[in-house]
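# An overview of the molecular structure
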Amino acid sequence: MIGPSSFRAERGISRSSETMIGAVDIGGTKIAVGMVDESGRVWARTECSTTAERGWPDGLARIATMLRETAGHAGGELDGIGVGCTGPVDPMAGTIGNVEFLPGWEGADIAGELSHTFGVSVAIENDADAAALGEAMWGAGRGAQRFIYVTVGTGIGGGLVFDGQLYRGVDGAHPEIGHHVLDPAGPACFCGAHGCWESLASGPSMARWLRDNARDGLHALEGDARSICAAAERGDPLAQAAVAHTGYYLGLGLANLITLFVPDVLALGGGLMRSRHLFWDTILNTIRAMCGLVPAEKVRLVSAVLGPEAGLIGAARVWLHRYGASHGTLEKPSRP
Ligand SMILES: [Zn+2]
């Protein structure tokens with residue numbers, strides 16, 4: 001289940017803080033678990049495949065085992081546990097919602113179960129909100145009063161952190177910025193809408209656009225977003241057109257966020273943004289053309305900086321944001 005080869009722990013350096021947070025990042029393909037201190041440093045980490053079909057009790061047992069192992073390697077007792085989980089979650093009840101990639105896990109009381117097992121407080125958020133909190137505290141949004149984080153990969157998600165607080169909708173709902181509609185005549189999305197941002201500017205939507213526009217289906221490219229970006233760099237005209245099409249819709253969605261919220265900083269992360277140089281000019285030109293009424297030039301559009309461990313770091317921040325009184329952004333769990 002958890003091989004030694006998958007385990008990594010920091011060595012030879014002394015911990016800067018006494019607080020050690022167990023971090024759990026649950027995605028559709030893998031679950032990462034680690035130990036993160038209160039300055040956002042990852043001290044140990046491991047992961048396993050999600051294999052949700054083995055059932056929630058099995059998933060919970062694996063998460064608990066990985067928490068014990070990483071805590072042991074980091075040499076610290078757990079002060080709390082933060083969880084970032086894909087899909088809808090109920091952050092105040094501490095439960096997993098109806099997540100497409102976690103069949104059978106709906107209603108799982110992850111916060112309650114882990115709290116009972118480890119005897120510490122546990123906080124859970126949607127993974128995009130977790131990453132937004134991490135970037136706001138330790139990454140691209142540091143010091144920004146109004147910060148928006150957007151992740152662009154197989155989907156589009158994000159989180160809004162205003163005045164140090166995570167923006168929530170009614171009953172704690174996570175705003176789905178990736179599903180705001182840009183073209184009602186656009187492609188159908190699983191969310192029920194047509195032409196939402198994710199259906200026009202995510203990695204899979206770029207691949208679909210290329211397939212739909214390949215003349216007679218004879219174009220050699222049938223790949224994913226990564227291979228399309230590589231082909232665009234080599235000068236393939238259809239791949240370049242797919243990148244331009246996606247860049248335009250990325251820019252359009254970002255322009256909407258800027259017009260609606262005028263944040264100090266808007267940070268872009270996610271797999272597709274590893275090729276951000278291909279999209280950047282189109283994004284900037286679209287924002288300039290669309291944001292006529294707000295000082296868009298004052299909005300800093302930047303790359304997310306926490307990198308591959310953003311999920312774990314964000315999960316740790318979820319706990320600190322909820323329970324870490326020393327950080328001055330204590331958000332008390334409340335439910336009407
Ligand atoms: Zn949608």
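Our structure's up above, just so we're on the same page.
Residues numbered from 1 in each chain as written. Predicted model: local features only at pLDDT ≥ 70, side-chain atom pairs only at ≥ 80, totals over all residues. Heavy atoms only, no water.

## Overview of the environment of Val305
In this structure, Val305 sits in the loop between strand S13 (300-303) and helix H9 (310-323). Linking Val305 and Gly141, residues 164 residues apart in sequence, is a C-alpha distance of 9.3 Å. Apart from residues lying up to four places away in sequence, Val305 is in contact with Glu135, Gly139 and Ala140. (Helix = DSSP H or I, 4+ residues; strand = E, 2+ residues; numbered from the N terminus. Contact = heavy atoms within 4.5 Å.)

## What about the packing of aromatic side chains?
Summed over the entire model, instances satisfying the criterion amount to five aromatic pairs. For the ring pair Phe162 and Phe261, a centre distance of 5.9 Å and an interplane angle of 40° mean the geometry is tilted. Placement of Phe162 in strand S10 (residues 156-162) and of Phe261 in helix H7 (residues 237-261) is noted, with a sequence separation of 99 residues between them. Among the residues examined, Phe261 registers a relative accessible area of 35% and is labelled partly exposed. A connected cluster of aromatic rings, assembled from ring pairs, spans Phe162, Tyr167 and Phe261. The ring of Trp280 has Arg276 lying over it, and the distance from NZ or CZ to the ring centre is 3.9 Å. Of note, Arg317 hangs over the ring of Trp138, and the distance from its end group to the ring centre comes to 6.0 Å. (Phe/Tyr/Trp six-rings, centres within 6.5 Å; stacked < 30°, edge-to-face > 60°. Buried < 20%, exposed > 50% of the residue type's maximum accessible area, 1.4 Å probe, protein only. Lys NZ or Arg CZ within 6 Å of the ring centre and 35° of its normal.)

## Observations concerning the pairing of S10
By the criterion of burial, S10 is predominantly enclosed, with six of the seven residues buried. Here seven bridges tie strand S9 (residues 146-152) to S10, and the two strands are oriented antiparallel to one another. Pairing of Phe147 across the sheet is with Val161, part of S10. The loop that links S9 with its antiparallel partner S10 comprises three residues. Here S10 folds back onto strand S11 (residues 165-166) in antiparallel fashion, the turn holding two residues, of which Asp163 has a positive phi close to 50°. (Pairing = 2+ DSSP bridges.)

## Topic: the coordination of the zinc ion
Each protein donor to the zinc ion is listed here as His179 (ND1), Cys189 (SG), Cys191 (SG) and Cys196 (SG); together their distances run 2.0 to 2.4 Å. Classification of the site at the zinc ion rests on its four donor atoms, whose angles at the metal span 99 to 126°, yielding the label tetrahedral. Between consecutive donors of the zinc ion, the numbers of intervening residues give the motif H-x9-C-x1-C-x4-C. With His179 in the loop between S11 and helix H4 (197-201) and Cys191 in the loop between S11 and H4, this pair connects stretches of sequence that are 12 residues apart. Assessed through its relative accessible area of 16%, His179 is described here as buried. (Donors = N, O, S within 2.8 Å, 3.2 Å for Na, K, Ca; no water. Tetrahedral: all angles 85-135°; square planar, octahedral: opposite > 155°, others 65-115°.)

## Here's the deal with the pattern of salt bridges
The full count for this structure, using the stated rule, is eight salt bridges. Glu47 is the salt-bridge partner of Arg45, the closest N and O atoms lying 2.8 Å from each other. Taking relative accessible area as the criterion, Glu47 reaches 28% and is therefore assigned partly exposed. Asp58 is the salt-bridge partner of Arg62, the closest N and O atoms lying 2.8 Å from each other. (Salt bridge = Lys/Arg side-chain N within 4 Å of Asp/Glu carboxyl O.)

## With respect to helix H1 (residues 56-74)
Counted at 1.5 Å a residue, the expected span for H1 with its 19 residues is 27 Å, and the 27 Å between its end C-alpha atoms agrees. All of the buried residues along H1 are Trp56, Gly59, Leu60, Arg62, Ile63, Ala64, Met66, Leu67, Thr70, Ala71 and Ala74. At its buried positions, H1 is contacted by strand S2 (20-26), strand S3 (30-37), strand S4 (42-49), strand S5 (80-85), strand S7 (95-96) and helix H2 (110-118). The first or second residue beyond H1 is Gly75, which carries a positive phi of 70°. (Expected span 1.5 Å × (residues − 1).)

## Here we look at the environment of Met66
Here Met66 is to be found in helix H1. Note on Met66: relative accessible area 0%, which makes it buried. Spatially, the C-alpha atom of Met66 lies 9.7 Å from that of Gly22, the residues being 44 residues apart in sequence.

## Here's the deal with the packing of H1 against H2
With their axes 11 Å apart at the nearest point, H1 and H2 run at an angle of 45° to one another. Taken together, the axis directions place H1 and H2 in an arrangement best described as oblique. In the packing of H1 onto H2, the handedness of the crossing is right-handed. Contacts from Trp56, Leu60, Ile63, Ala64, Leu67 and Arg68 in H1 reach Ile110, Glu113, Leu114, Thr117 and Phe118 in H2. Taken together, the residues of the contact of H1 with H2 break down into eight nonpolar, one polar and two charged. (Axes fitted to C-alpha atoms, helices over the stretch in contact; angles between N-to-C directions. Parallel < 35°, antiparallel > 145°, perpendicular 65-115°, else oblique. Left-handed = near helix turned anticlockwise from the far one by under 90°. Nonpolar A, V, L, I, M, F, W, Y, C, P; charged D, E, K, R; others polar.)

Keep in mind these numbers describe shape, not what the thing actually does.
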